[in-house]
Every structure is written in C-alpha cells, then in structure tokens.
Amino acid sequence: MLEPVATDDVRYIRCRVLIVCEGQQTEPNYFRSFNMMKNSSGLVYEITCGGGGINTMQVVDEAIALRDAACTAGNPYDAVWAVFDRDSFVAAAFDNAVAKAEANDIGCAWSNEAFEMWYVFHFDNRCTPMSRKEYKNVITRRVCEAGYKHGKKAYVYKKNDPDMRRILAQCGCDERRAIRFAECQAASFHDRKYHTHNPCTTVYKLVRLLLGEDKEFIRRVEENMAR
C-alpha cells in the first residue's frame, strides 16, 4: 500500500514489495540489505521475503497466492517478485515457471544456473556458459584480487553470507555496472528456451527497481498516489 512518509523534511513514498524466493538464505539475505532503503526517486521500500526451500513453480504459485491474499485483505503489495534458479530442475519446469510468472504479472528474477551469477557480473562481463560449481572459485578469486579479507583470514566465498552486498561494495563493485553487464547478456538471447540461456540472470531487473531506477514502476507509483 503506497503511503507518504515525511523524513527530514523530505517527502518519501513507502512501497510494499514482496519477494518470494526459492532459496532459504542466499537470496533473502541479499534483498534484505535493501530493506527500508531511501533512494533519490523518493521511494522507501518495505521488503518482505517469503518462500524458501521450494521449487521453481512453487515459488511462482506462492507469489500469486500471497499477492491475491494481500489484495483480499485490503493491503496489497506494490510489487511482487519471484526469485528462483535453473539449477538442476527439469528444463520444462523452469521455462514454464518463467512463463507463468509473466502471464500473472509477477516480476521474475531468475538465474541460470544460480543466483551467484548476479555476483559474478559485479566483476566480469561474463558471456560464456558457467556451471554453478564454478561460482565459489570465481567469486572467491575476484574478491581476493580486490584486496578484501575476512578479518585476518583470506576470503572464501560462503553461500548464504548475509554480508555479500557489503562485501561487493567494499571490493569497489558498481551495482549499476553489474546491471549493464547482466542486461546486455540477457539481451543476447532471442528465444523463450530460458533453460538454455547460460550465463544469464534477470536479478538486475529487481535490483534496478530497488535502486529506484525502474521508470515504469515509478510511473505507476506516482499514478497510484495521484488517485
């Protein structure tokens, strides 16, 4: 539910965003780092992360169910997103989940093969296929090359790290450059066989929204506030 919020004499709009994730920790930990963030577009995001431990189609079904329940209760979300990976799921199941999300107006932030592809784009404009088994070594190497250390110990990437967004920032990574890399790679595919789009992630779309740079979402927010 959109509502104005006065903070330090600046008028912000609080937006409720639901993000339903396949993973139980990696994705929720990352997106919670945006929680209640104020941005230059005058938006403040109240983020709710749901799901966890469910498969691709279940993520989309849960997002639809929670969205509809919130609407029925008179407290609708301003944006609803499903976040899931290709991993080893059957190709048809993955492609059908993407198609169902799109057909039901659910934002879809999918990754092939895994969410960590989004982290890789913070360092490299990767355009060759990549297995989820490679992510740990690539991220570890690139973070170490940036001079980051975990205390006195050498850094080793750990899945579910709640500080990953902060670590990327401390490595000098630019989220907007990662968005450009990911968007360019996604645009290189021209069919709907999403399971073959590797490497690819559309997480950049959700991050762009949370940074206050999704112009279409901002337009809808402004229109809703004017009603």
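See above for the structure.
As the structure is a computational prediction, the values presented were derived from the model and not from experiment.

Q: Looking at this model, I keep getting lost on the overall build of the protein chain. Mind explaining?
A: Of regular secondary structure, the protein chain possesses nine helices and eight strands. For the protein chain, whose C-alpha radius of gyration is 18 Å, the value lies close to the compact-globule estimate of 17 Å for 227 residues. Summarising its shape, the C-alpha atoms of the protein chain cover approximately 50 × 45 × 30 Å along the three principal directions. The contacts of the protein chain with a sequence gap of at least 6 include a subset with a gap of at least 24, amounting to 72%. Split by element, the accessible area of the protein chain, about 11,200 Å² in all, is 48% carbon and sulfur. Taken as two groups, the 32 positive and 31 negative side-chain charges of the protein chain have centres that lie 5 Å from each other.

Q: Teacher, can you tell me more about the pattern of salt bridges here?
A: When the charged atoms of two side chains with opposite charge come close together, those side chains can pair. Tallied over the full model, the rule gives 15 salt bridges. For the salt bridge of E113 with R132, the shortest nitrogen-to-oxygen distance reads 3.4 Å. Linking E113 in the loop between β5 (107–112) and α4 (116–120) with R132 in the loop between α4 and α5 (135–145), this pair joins segments that are 19 residues apart in sequence. Given the relative accessible area of 37%, R132 is considered partly exposed.

Q: It is not clear to me how the environment of G51 should be interpreted in this structure. Could you clarify?
A: Here G51 is to be found in strand β3 (residues 43–51). With relative accessibility at 47%, the residue G51 sits in the partly exposed group. Taking the C-alpha atoms as reference points, G51 and C173, separated by 122 residues in sequence, lie 29 Å from one another. Excluding its chain neighbours within four sequence positions, the residues that come into contact with G51 are V20 and C21.

Q: Sorry if this is basic, but what is going on with the environment of N198 here?
A: Along the chain, the position of N198 falls in the loop between α7 (175–187) and β8 (200–201). Sequence separation between N198 and R126 is 72 residues; the distance between their C-alpha atoms is 9.8 Å. In contact with N198, not counting residues within four places along its chain, are N112, E113, P129, M130 and F189. In terms of polar contacts, N198 uses its side chain to reach the backbone amide nitrogen of M130, at 3.1 Å.

Q: Please clarify how the side chain of T26 should be interpreted in this entry.
A: The topology assignment puts T26 in helix α1 (residues 26–32). The exposure class assigned to T26 is buried, which follows from its relative accessible area of 5%. Residues contacting T26, with those up to four places away along its chain left out, are F115, E116, Y119, Y157, K159 and N160.

Q: Mind showing me how you'd approach the packing of helix α2 (residues 56–72) against helix α3 (residues 91–103) here?
A: Between two packed helices, the angle of one axis relative to the other and the distance separating the axes together describe the packing. Two numbers describe how α2 lies on α3: the axes approach to 8 Å, and their chain directions differ by 15 degrees. Between α2 and α3, the crossing angle belongs to the class labelled roughly parallel. Relative to α3, the crossing made by α2 is left-handed. In this structure, α2 contributes T56, M57, V60, D61 and I64 to the contact, and α3 contributes A93, F94, N96, A97, K100 and A101. Classifying every residue of the contact of α2 with α3 by side-chain character gives seven nonpolar, two polar and two charged.

Q: Hey, could you run me through the pairing of β5 in this one?
A: Side chains on a regular strand alternate between the two faces of the sheet. In terms of burial, β5 is a largely internal element, six of the six residues being buried. Both faces of β5 are covered, namely the face carrying G107, A109 and S111 and the face carrying C108, W110 and N112. Pairing between strand β4 (residues 79–85) and β5: five bridges, direction parallel. When the sheet's bridge partners are listed, V83 is paired in β5 with A109. Taken together, β4, α3 and β5 constitute a β-α-β crossover, and its handedness is right-handed. Bridge count for β5 against β8 is two bridges, and the pairing is antiparallel.

Q: Sorry if this is basic, but what is going on with α7 here?
A: Since there are 3.6 residues in each turn of an α-helix, residues three or four apart along the chain are aligned in direction. Relative to the 18 Å expected for 13 residues at 1.5 Å per residue, α7 spans 18 Å between its end C-alpha atoms, a close match to the ideal helical length. Within the span of α7, buried status applies to E175, A178, I179, F181, A182, Q185 and A186. Considered in projection along α7, the buried side chains sweep an arc of 165 degrees and stay on one side of the axis. Away from its buried face, by an angle of more than 90 degrees, α7 presents the exposed residues R180, C184 and A187. Where α7 is buried, its residues meet α1, α4, α6 (164–170), β8 and α8 (203–210).

Each value, and the rule that gives it
Residues numbered from 1 in each chain as written. Predicted model: local features only at pLDDT ≥ 70, side-chain atom pairs only at ≥ 80, totals over all residues. Heavy atoms only, no water. Helix = DSSP H or I, 4+ residues; strand = E, 2+ residues; numbered from the N terminus. Rg over C-alpha atoms; globule rule 2.2 N^0.38 Å. Contact = heavy atoms within 4.5 Å. Areas by Shrake-Rupley, 256 points an atom, 1.4 Å probe, with all protein chains shown as cover. Lys, Arg positive; Asp, Glu negative; His and termini not counted. Charge placed at Lys NZ, Arg CZ, Asp CG, Glu CD. Salt bridge = Lys/Arg side-chain N within 4 Å of Asp/Glu carboxyl O. Buried < 20%, exposed > 50% of the residue type's maximum accessible area, 1.4 Å probe, protein only. Polar contact = N/O pair within 3.5 Å; in protein donor to acceptor, adjacent residues only side chain to side chain. Axes fitted to C-alpha atoms, helices over the stretch in contact; angles between N-to-C directions. Parallel < 35°, antiparallel > 145°, perpendicular 65-115°, else oblique. Left-handed = near helix turned anticlockwise from the far one by under 90°. Nonpolar A, V, L, I, M, F, W, Y, C, P; charged D, E, K, R; others polar. Pairing = 2+ DSSP bridges. Right-handed = clockwise from strand over helix to strand, strands pointing away. Expected span 1.5 Å × (residues − 1). Arc of directions from axis to C-beta.

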